[in-house]
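# Secondary and tertiary structure notes
Residue-level listing of the chains:
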Amino acid sequence: VKWKKEATNELILKQSVQKFTNFCHPTLPCNVLKFKSTTIMLDCGLDTTSVLNFLPLPLVHSPRLSKLPGWISKDGTINLEKELKDCAGRVFVDSQPEFCLPERELLDLSTIDVILISNYHCMMALPYITEHTGFTGTVYATEPTLQIGRLLMEEVVNFMERVPKAQSATCWKNKEIQRMLPGPLKDAVDVWTWKRCYSMQEVNSALSKVQLVGYSQKVELFGAVQVSPLSSGYSLGSSNWIIQSHHEKVSYVSGSSLLTTHPQPMDQSSLKNSDVLILTGLTQMPTANPDGMLGEFCSNLAMTIRAGGNVLVPCYSSGVIYDLLECLYQFIESASLGTTPFYFISPVANSSLEFSQIFAEWLCHNKQTKVYLPEPPFPHAELIQTNKLKHYPSIHGDFSSEFRQPCVVFTGHPSLRFGDVVHFMELWGKSSLNTIIFTEPDFSYLDALAPYQPLAMKCVYCPIDTRLNFHQVSKLLKEVQPLHVVCPEQYTQPPLTQSHRSDLMLELQPPPMPYRRCSVLNLPFRRRYERVYILPELANSLVPSEIKPGVSVATVSAVVHSKDNKHTLQSVPKPPPVAPSKKRKRVMDEPPVVLAPKPLLSGAVPLEAFLATLQKHGITEVKVEETADGHILHLQAEDTLIQLEEDGTHIVCDNNEPLRTTLRDLVLRFLQKL
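Quick notes on the rules
- Residues numbered from 1 in each chain as written.
- Predicted model: local features only at pLDDT ≥ 70, side-chain atom pairs only at ≥ 80, totals over all residues.
- Heavy atoms only, no water.
- Pairing = 2+ DSSP bridges.
- Helix = DSSP H or I, 4+ residues; strand = E, 2+ residues; numbered from the N terminus.
- Axes fitted to C-alpha atoms, helices over the stretch in contact; angles between N-to-C directions.
- Phe/Tyr/Trp six-rings, centres within 6.5 Å; stacked < 30°, edge-to-face > 60°.
- Buried < 20%, exposed > 50% of the residue type's maximum accessible area, 1.4 Å probe, protein only.
- UniProt positions renumbered as here; feature names shortened; annotations may be inferred.
- pLDDT = per-residue confidence, 0-100.
- Contact = heavy atoms within 4.5 Å.
- Salt bridge = Lys/Arg side-chain N within 4 Å of Asp/Glu carboxyl O.

## Quick word on the sheet that holds strand β9 (residues 90-93)
The three strands are arranged β7-β8-β9 in an open sheet whose pairing can be described as antiparallel. Every other strand in the sheet has two partners, leaving β7 (70-72) and β9 as the edge strands with one partner each. The sheet shows a mean angle of 60 degrees between the axes of neighbouring strands, taken without regard to direction. Here β7 pairs with strand β8 (residues 79-87) via three bridges, running antiparallel.

Have a look at this one:
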């Protein structure tokens, strides 16, 4: 049974903003899908580019940063010496760095039923949403996403808490004052929504709401829709999501990769037959080939070490670093770097390296087979055993006594605003022998380096982003053929700096539905049906009538029982028998009479045959008029009209009930009763 239902399906797109260019940041998605009475948040990415407006947090006292002059406007009317510092020709905020939260005014986030996480980079705003909005729903993620996401959050909290700043800068956020500031502070968007980092207590509370799921596992939400994660091929445990009802299917593709790296390959076939495909999280570096960038990384590292310099690699504690270490493992001997020490410094370095080895079922086939040999799936285990790679929680403690140069240091944070990387920038920045190699694409390397200028050390930009590029995603969409594609507006036009590059945009037929920050789209579903079940005893009582060969129809009178978005047709309950009583009951106490339904009519009244029938019954003066919907018969002697239309027949006859009844019976001869 198909029951037509006029339902509203909306996609509310809430994006964080990249501060300096004032447009949506599609690699940090935070979207809300309203679908079949369920409100689903798709990812909760945190825009950390806002920290580039703040001074670095040094682990060791920095005379240079402590002696920076405060900022005063040229005319002297605005004095913010305590909040803003002038450094290397730019103005920075002197307080604990703050993050730009997803937009929270467009929708009451306490109404969110579930949050679906696609990868560990897209869950960094989770504590802000689950702990401060009245959220009472469930978060779904794979186990590697949860565990590595926890490590990334723990690392950021640790970075912030070990260099506390009591001072909180707020005066500069005043709209009137901000307009007077030099760029890029002047152009920063929604600065009043920026917040300090959460605490570990908030992290633990937020992650306690996460329910673990496996690839292709179907999770039912309130009986209305099913959600299921698919491997996206981007990182350990990264997922695309299928959200479907009985008759509609939405695919959410975020942060996916077709390259052969350490995660399971992308599941493409399950994305087929989608009514709507929501696409986000494409590569930030469409013109940079990841393999080429790895080659650049290795060659620049080797050149620096041979010249007696040190190499600093600002990176996250999970993700690309696994591939960098694997690449170096193969490169070390051929480049004669066997004696060069490699240091990985992070509060969660040990946990990150161990987690990568134990999530075997989430790895690609080649790495899975190593586990059964048994061998560690990643070669960094061997680097650690041979003391070529050493990991430390911070620069304090064992590291300071075992540290020797020249060396290669992997540490965070990639923004160069907090973490152990700040110490190495101060330590090595004055020598041209040293090199900093940027591999993470999330931050502008020029903005990251700004507070350290003038800088003598060499800078190499090798952004490694394995997510889908425009050529790959166009090929993917041709294969899975969704009816409609929804994507960020900037995917539908070439970059501003390369307006001639039509290959750096999506060109689809039909054109994709673009969205901007805080926009609301109505999704174009063609079907509006719900599945309704019918009980066996009710089905047995139906009497089908054949209306044409192979097609039978039966009328049904039933009660619709709805629970948890599942609808069942049940027999109409019979009124209970009334016990005989001597007392006369009032009319209103008597049970309602359940009338048998009137028969339904189907078919059409053929004009010529009907006219012949009228003649047989003595009605000969008939004037026929053709209309857009059928015919009007004017019975002139009887002063009566008969309207024969496709979906109904009307008899207009004043004060002559016998004639009306006769004409009705003649019409019914040509129709089938159900």
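## Examining the packing of aromatic side chains
Within this structure, the stated rule accounts for 20 aromatic pairs. Aromatic side chains Y343 and F403 sit 6.0 Å apart centroid to centroid with 55 degrees between the ring planes, which places their arrangement in the tilted category. In this pair, Y343 sits in strand β19 (residues 342-345) while F403 sits in the loop between α11 (398-402) and β21 (408-411), placing the two residues 60 residues apart along the sequence. Residue class for Y343 comes out buried when judged on its relative accessible area of 2%. Residue F403 is classed as partly exposed on the basis of its relative accessible area, which comes to 22%. When the ring of F470 is compared with that of Y491, the centres are 5.9 Å apart and the planes differ by 85 degrees; the resulting orientation is edge-to-face. You can see F470 sitting in helix α14 (residues 470-480) and its partner Y491 sitting in the loop between β24 (484-488) and β25 (513-515), a full 21 residues away along the chain. Both residues of the pair, F470 and Y491, belong to the buried class.

## Remarks on helix α12 (residues 421-428)
In terms of burial, α12 is a largely internal element, six of the eight residues being buried. Inspection of α12 places V421, V422, F424, M425, E426 and W428 among the buried residues, and these make up the whole buried set.

## Notes on the UniProt feature "domain: Beta-Casp" (unreviewed entry) in the protein
When the UniProt feature table is mapped to this numbering, "domain: Beta-Casp" (unreviewed entry) covers residues 321-449. Annotated as 40% helix and 12% strand, the span residues 321-449 places its first and last C-alpha atoms 21 Å apart.

## So, the confidence of the model for the protein
Mean pLDDT over the protein stands at 88; residues scoring 70 or higher make up 93%. For residues 1-24, every residue scores under 50 in pLDDT, and the model assigns this stretch 108 contacts once sequence neighbours within four places are set aside.

## Quick look at the pattern of salt bridges
Scanning all chains against the criterion turns up 19 salt bridges. The salt bridge involving R179 is made with E176; its shortest N-O contact spans 2.6 Å. Of the charged contacts in the structure, one is a salt bridge between E657 and R660, with a shortest N-O distance of 2.7 Å. Linking E657 with R660, this pair stays in helix α17 (residues 657-668), spanning three residues, or about one helical turn. According to the relative accessible area criterion, R660 is partly exposed, its value standing at 28%. Three or more residues joined by partner-sharing salt bridges are found here, namely K36, E248 and E530.

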